[in-house]
Amino acid sequence: MPITDRRTLLQTAAALPLATATTKVAFAQSSPGASAAPANVTRGLAHFLVTARYDDLPANVRKEGVRTLLNWVGVAIGGSHHQTVDIAVAALAPFSGPAQASLFGRRERFDIMNAAFINGVSSHIFDYDDTHLKTIIHPAGPVASAILALSEMQPVLGKELLNALVLGVEAECRIGNAVYPNHYDVGWHITGTAGVFGSAAAVGKLLNLNEQQMVWALGLAASQPVGLRESFGSMNKSFNPGRAAGNGIFAAMLASKNFTSSDGMIEAKRGWANTISTKQDYNEILGDLGKRYEAALNTYKPFACGIVMHPAIDAAIQLRNENKLTADQIERVDLKVHPLVLELTGKKTPHEGLEGKFSIYHAVAVAIVEGAGGEKQFSNRAVNDETVVALRSKISPVITPGIDPAQVDMTVVLKDGRQLHRHIEHAIGSAEMPMTDKQLETKFADLADGIIPAATIRRLMEACWNVENQPSAAEIAKMSVSA
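(A) Molecular detail of the overall build of the protein. What the protein contains, in helices and strands, is 22 helices and six strands. For the protein, the C-alpha radius of gyration of 23 Å lies close to 23 Å, the compact-globule estimate for 483 residues. Looking at the protein as a whole, 57% of its 483 residues are labelled buried. The long-range fraction of contacts in the protein, counting pairs at least 24 apart against all pairs at least 6 apart in sequence, stands at 77%. With the model as given, the accessible surface of the protein reaches about 19,200 Å², and the carbon-plus-sulfur share is 55%.

Structure representation (structure tokens):
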């Protein structure tokens, strides 16, 4: 923005009258082309959240909620002994309060806010968690981390946990829809910034907040946006959903004791949406509440890395397996990709596993060399493997008009002159080609192997599948700790 425009903006702002503490927002400003904000977006969402019942959930939404839970428990256990989590546990242990909640995959117990934070970090560190593809939000991390921690502090039926999980995912994804992609494009990590609403909503539901208290909980959540995309490729990325989980608990707990906020913190002229985005589509938040479920659109990753690389990994593995490819046969690999692929995953020379999760060069190379894209392929070992390093210099992604972010067009040129081609329209794990229940179980078992007892893995999966009938949701958390 030019300096003169900034001065004009500041002068205009200075001339505006200050609002009193009791001022009610009657109208919220919207960007050109977006839907005008009704007066009660925050309250309308709060009303839905406090009145929505488990019995109101359609069968397909319940099923996706169960799949979301199962996938989240698996990735939280799987990431629990990553160096990032070890550091977080060591740093926070001296300050943790009562031993109220489990750390998934570990023996330690922390207070619920710190436990929610660490479990949120653990579930995201592999970049293997669920994804709402419309916004690239990873919904379960902020929500499941918070409500499973709370379930160990107060009684929570399994069906109540599932209802809260679905409602939390619904809240964060709808709010994310309202500002995506503009909010994301300027650098916010939307899993953290929208995820805090999901955590606050879900915890607030389990605390039985009334409508006004839920308004305040959402308002306090709005005051705690967390996460910048600059953090991608570092431990800081998984900090964001973890912090969103803890911040959501913080907001809901304060609201439960009548700690107040503005009634229009989402939609007000100086509220969340207008402050952190140039796009505000409030119909995405309130439209067809209870009829159209964003929670039903959740997807699960077959590969432990940024979602925009999944089509390329899928193509690479297919061509490798069909042609028994080895790295020494390859002259080069040409990729036609969407601009977002290089924007998010353009790291050419990753040196650590976390960096490899944001390198299209590494992802394709390791998929060809090892025929997989799990967490082992995005370890420090994998990104420094000599064969992988040599091959990634032959990977050539090119931004191509007409290619969707969910697509890739790959041509492998061999030294003998042959060319192998594969176009991926929808990668495995997408909404069009979702992972099956069996595939989710295989993923879960692989992640939990060696961390929790083998006999417990099957029982834990069954507990997740049957969460609706569990008399105590806390049993899932208690079964998820290491021996």
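Still more ground to cover, so stick around.
(B) Representation of helix 2 (residues 41-51) within the structure. For helix 2, the complete set of buried residues consists of Val41, Thr42, Leu45, Ala46, Phe48 and Leu49. Along the axis of helix 2, the buried positions cluster into a sector of 160 degrees, meaning they face one direction only. In this structure, the buried side of helix 2 is in contact with helix 7 (158-179), helix 9 (190-206), helix 10 (211-222) and helix 13 (283-286).

(C) Broad picture of the nonpolar core. Counting residues in each nonpolar core, the largest one holds 65 residues, and the members touching the most others are Leu69, Val73, Ile77, Ile147, Phe444, Leu460 and Ile476. One finds Phe303, Ile360, Ile395 and Val412 within the second-largest nonpolar core, a separate group that totals 55 residues.

(D) Molecular detail of the sheet that holds strand 4 (residues 395-399). Read across the open sheet, the four strands follow the order 4-3-5-6; overall the sheet is mixed. Each edge of the sheet is formed by a strand with only one pairing partner; in this case those strands are strand 4 and strand 6 (419-424). The sheet shows a mean angle of 15 degrees between the axes of neighbouring strands, taken without regard to direction. Taken together, the six bridges between strand 5 (residues 408-414) and strand 6 define a ladder with antiparallel strand orientation. Directly across from Asp409, in strand 6, lies its bridge partner His423. Strands in contact with helix 14 (residues 310-323) are strand 5 and strand 6; relative to strand 6, the strand with the most contacts, it is inclined by about 140 degrees.

(E) Region of the structure containing the environment of Asn323. Along the polypeptide, Asn323 turns up in helix 14. Assessed through its relative accessible area of 31%, Asn323 is described here as partly exposed. As for Asn323 and Leu420, which are separated by 97 residues in sequence, their C-alpha atoms are 8.7 Å apart.

(F) Focus on the pattern of salt bridges. With the rule as written, the count across this model stands at 25 salt bridges. The salt bridge partner of Glu294 is Lys134, with a shortest N-O separation of 3.0 Å. Separated by 160 residues along the polypeptide, Glu294 in the loop between helix 13 and helix 14 and Lys134 in the loop between helix 5 (112-124) and helix 6 (140-151) bring together distant segments of the chain. Among the residues examined, Lys134 registers a relative accessible area of 40% and is labelled partly exposed. Put simply, Lys63, Glu64, Arg67 and Asp437 are held in one network by salt bridges that share partners.

(G) Local environment of helix 5. The end-to-end C-alpha distance of helix 5 is 18 Å, a good match for the 18 Å that 13 residues give at a rise of 1.5 Å each. In terms of burial, helix 5 is a largely internal element, twelve of the 13 residues being buried. When helix 5 is considered as a whole, its buried residues turn out to be Ile112, Asn114, Ala115, Ala116, Phe117, Ile118, Asn119, Gly120, Val121, Ser122, Ser123 and His124. In this structure, the buried side of helix 5 is in contact with helix 3 (59-78), helix 4 (83-92), strand 1 (101-102), strand 2 (109-110), helix 6 and helix 11 (236-256).

(H) Inspection of unusual backbone geometry at higher detail. Of note, the bond from Tyr180 into Pro181 is cis; its omega dihedral lies within 30 degrees of zero at 10 degrees. Topologically, Pro181 is positioned in the loop between helix 7 and helix 8 (182-185). Its identity is not glycine, yet Asn208 carries a phi of approximately 60 degrees, on the positive side. Within the element layout of this structure, Asn208 appears in the loop between helix 9 and helix 10. A positive phi angle, close to 70 degrees, is found at Asn258, a residue other than glycine.

What counts as what
Residues numbered from 1 in each chain as written. Predicted model: local features only at pLDDT ≥ 70, side-chain atom pairs only at ≥ 80, totals over all residues. Heavy atoms only, no water. Helix = DSSP H or I, 4+ residues; strand = E, 2+ residues; numbered from the N terminus. Rg over C-alpha atoms; globule rule 2.2 N^0.38 Å. Buried < 20%, exposed > 50% of the residue type's maximum accessible area, 1.4 Å probe, protein only. Contact = heavy atoms within 4.5 Å. Areas by Shrake-Rupley, 256 points an atom, 1.4 Å probe, with all protein chains shown as cover. Arc of directions from axis to C-beta. Core = buried A, V, L, I, M, F, W, Y, C linked by side-chain atoms within 4.5 Å. Pairing = 2+ DSSP bridges. Axes fitted to C-alpha atoms, helices over the stretch in contact; angles between N-to-C directions. Salt bridge = Lys/Arg side-chain N within 4 Å of Asp/Glu carboxyl O. Expected span 1.5 Å × (residues − 1).

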